[in-house]
Every structure is written in C-alpha cells, then in structure tokens.
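Examining the three-dimensional arrangement
Take a look at the letters that make up each chain.
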Amino acid sequence: QVQLVESGGGLVPAGGSLRLSCAASGRTFSSRAMSWFRQAPDKEREFVATIDWNTRGTYYADTVKGRFTISRDNAKNTVYLQMDSLKSEDTAVYYCAASPSYSTNFPRRVAGAMEYWGKGTLVTVSA
C-alpha cells in the first residue's frame, strides 16, 4: 500500500557530498518513522539513520555520525539523507524504509522491523 522511491545516487569523489531523496505514496507518511539502510556487495544490509515520526528524533550508525544528516518533509511525503565527507567505504546501495504506522519503542536499527522498502539507489564513492 506504500510505495517508496529513492533517488539521488551516483558517482562522487571521496570527500564529496550527495543528497538522497525518498518519496512515499499514501496518506500515512507522517505517522511512520523513516529510515535509511545500505548494502554493499556481498555484505549484509546495515542501518544508516532513522528519523522518528513523533519526536523527530534522529539516530545514526556510528560509521556515519557527524557526516550524514537525515531529515523529512511531511508536506512532500519525502525523507532525505544528506551525505557529506563521503568515504570509499560508504559505497553501497542505499534503501529507504518505513516503519509501521504510529509505532513506538520499535527496533530502529533492525531491517526486519521495517514494513515497507524502496528498491534502492546506488552510491559509488571513488577511493
């Protein structure tokens, strides 16, 4: 019932910046925490960042804290991931994910807890 479409990926030199966008369909966007995960080839999908639906609190993986910023615009049904000071190890397919509506005390960092997923956008950072 909810479709998520990521955009903004591409090739960028180390130290550069990209901003990813995730557009959501439906009328439940404002009641869902939104997250970004990423997956490099032959590696498990890992948590990147989450923004809560109610408190707007943000949470980041230690590997991206201080470099990435997650934000949301409920009027546009869109969540963003601003990525600065990119490193080669940031290279991965980045996925947008939505939690169940009105969820509280959910495992923000667990991919299996997400209800909907986008198809991903590839970010490649040159060494």
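Scroll up a little and you will see the structure.
Here is a short report on the structure shown in this document. (Residues numbered from 1 in each chain as written. Predicted model: local features only at pLDDT ≥ 70, side-chain atom pairs only at ≥ 80, totals over all residues. Heavy atoms only, no water.)

1. Some details on the packing of aromatic side chains
Let me state the cut-off plainly: The pairing test for Phe, Tyr and Trp rings, Trp by its six-membered ring, is centres within 6.5 Å, and the orientation test on the planes gives stacked under 30 degrees, edge-to-face over 60, and tilted for anything in between. Helix and strand assignments come from DSSP, with helices taken as H or I runs of at least 4 residues and strands as E runs of at least 2, each series counted from the N terminus. Categorising residues by exposure relies on relative accessible area from a 1.4 Å probe, with only protein chains included: less than 20% of the type maximum marks a residue as buried, more than 50% marks it as exposed, and the intermediate range marks it as partly exposed. Comment: the charge-over-ring label is applied if NZ (Lys) or CZ (Arg) is within 6 Å of the ring centre and within 35 degrees of the ring normal.
Enumeration over the complete set of coordinates arrives at 4 aromatic pairs. Between Phe-37 and Phe-47 the ring centres are 5.7 Å apart and the planes differ by 75°, which places this aromatic pair in the edge-to-face class. Of the two residues, Phe-37 is situated in strand S4 (residues 34–39) and Phe-47 in strand S5 (residues 46–51); the sequence distance between them amounts to 10 residues. Since its relative accessible area comes to 8%, Phe-47 is described here as buried. Members of the aromatic cluster, joined through ring pairs, are Phe-37, Phe-47, Tyr-95 and Trp-117. Over the aromatic face of Trp-117 sits the side chain of Arg-45, whose NZ or CZ is 4.7 Å from the ring centroid.

2. Examining the environment of Leu-4
Note the cut-off: Only heavy atoms enter the contact rule, under which two residues are in contact if any of them lie within 4.5 Å.
Along the chain, the position of Leu-4 falls in strand S1 (residues 4–7). On a C-alpha basis, the gap between Leu-4 and Asp-73 in space is 14 Å, while along the polypeptide they are 69 residues apart. Once residues within four sequence positions are removed from consideration, Leu-4 is found in contact with Cys-22, Ala-23, Ala-24, Met-34, Cys-96, Ala-97, Ala-98, Tyr-116, Trp-117, Gly-118 and Lys-119.

3. Overview of the side chain of Asp-90
Filter applied, for reference: Polar contacts, as counted here, are pairs of nitrogen or oxygen atoms within 3.5 Å of one another; within protein the pair requires one atom able to donate a hydrogen and one able to accept it, and residues that are adjacent in sequence qualify only if both atoms are side-chain atoms.
Positionally, Asp-90 belongs in the loop between strand S8 (78–83) and strand S9 (92–98). There is a polar contact of 2.8 Å between the side chain of Asp-90 and the side chain of Arg-67. In this structure Asp-90 touches Arg-38, Arg-67, Phe-68, Ser-85, Val-123 and Val-125, once residues within four positions along its chain are discounted.

4. Quick word on the environment of Ala-61
Examined against the element boundaries, Ala-61 turns out to sit in the loop between strand S6 (58–60) and strand S7 (68–73). Residue class for Ala-61 comes out buried when judged on its relative accessible area of 9%. Along the backbone, Ala-61 and Phe-47 are 14 residues apart, and their C-alpha atoms lie at a distance of 6.4 Å. Not counting chain neighbours up to four residues away, the residues in contact with Ala-61 comprise Phe-47, Val-48 and Arg-109.

5. Concerning the sheet that holds S8
The condition that has to hold: DSSP bridges decide pairing: two strands pair if at least two such bridges lie between them. Each axis is a line fitted through C-alpha atoms, and for a helix only the stretch in contact is used; angles between axes span 0 to 180 degrees, taken between their N-to-C directions.
Across the sheet, which stays open at both edges, the 4 strands sit in the order S1-S3-S8-S7 with antiparallel pairing between neighbours. The sheet is open, and its two edges are formed by S1 and S7, each paired on a single side. Strand after strand, the sheet turns through a mean of 15° between neighbouring axes, direction not considered. Bridge count for S7 against S8 is 6 bridges, and the pairing is antiparallel. Bridge assignment links Arg-72 to a residue of S8, and that residue is Val-79.

6. Overview of the state of the cysteines
Here is the rule: By disulfide we mean two sulfur atoms from cysteines, separated by a distance within 2.5 Å.
Inspection of the entire model under this criterion finds 1 disulfide. Covalent S-S linkage joins Cys-22 and Cys-96, the inter-sulfur distance amounting to 2.1 Å. Where Cys-22 bonds to Cys-96 through sulfur, the torsion about that S-S bond is close to -80°, and the disulfide is left-handed. Here Cys-22 is found in strand S3 (residues 18–24), whereas its partner Cys-96 is found in strand S9, with 74 residues between them in sequence. Exposure remark for Cys-22: the relative accessible area of 0% places this residue in the buried category.

7. Re the nonpolar core
So the rule is basically this: To form a nonpolar core, buried Ala, Val, Leu, Ile, Met, Phe, Trp, Tyr and Cys residues must be joined to one another through side-chain atoms within 4.5 Å.
Counting residues in hydrophobic clusters, the biggest one holds 35 residues, and the most contacted among them are Leu-4, Met-34, Trp-36, Val-79, Leu-81, Met-83 and Tyr-94. Looking at this core, the elements with two or more residues in it are S3, S4, S5, S7, S8, S9 and strand S11 (121–126). The element best represented in this core is S9, accounting for 5 residues.

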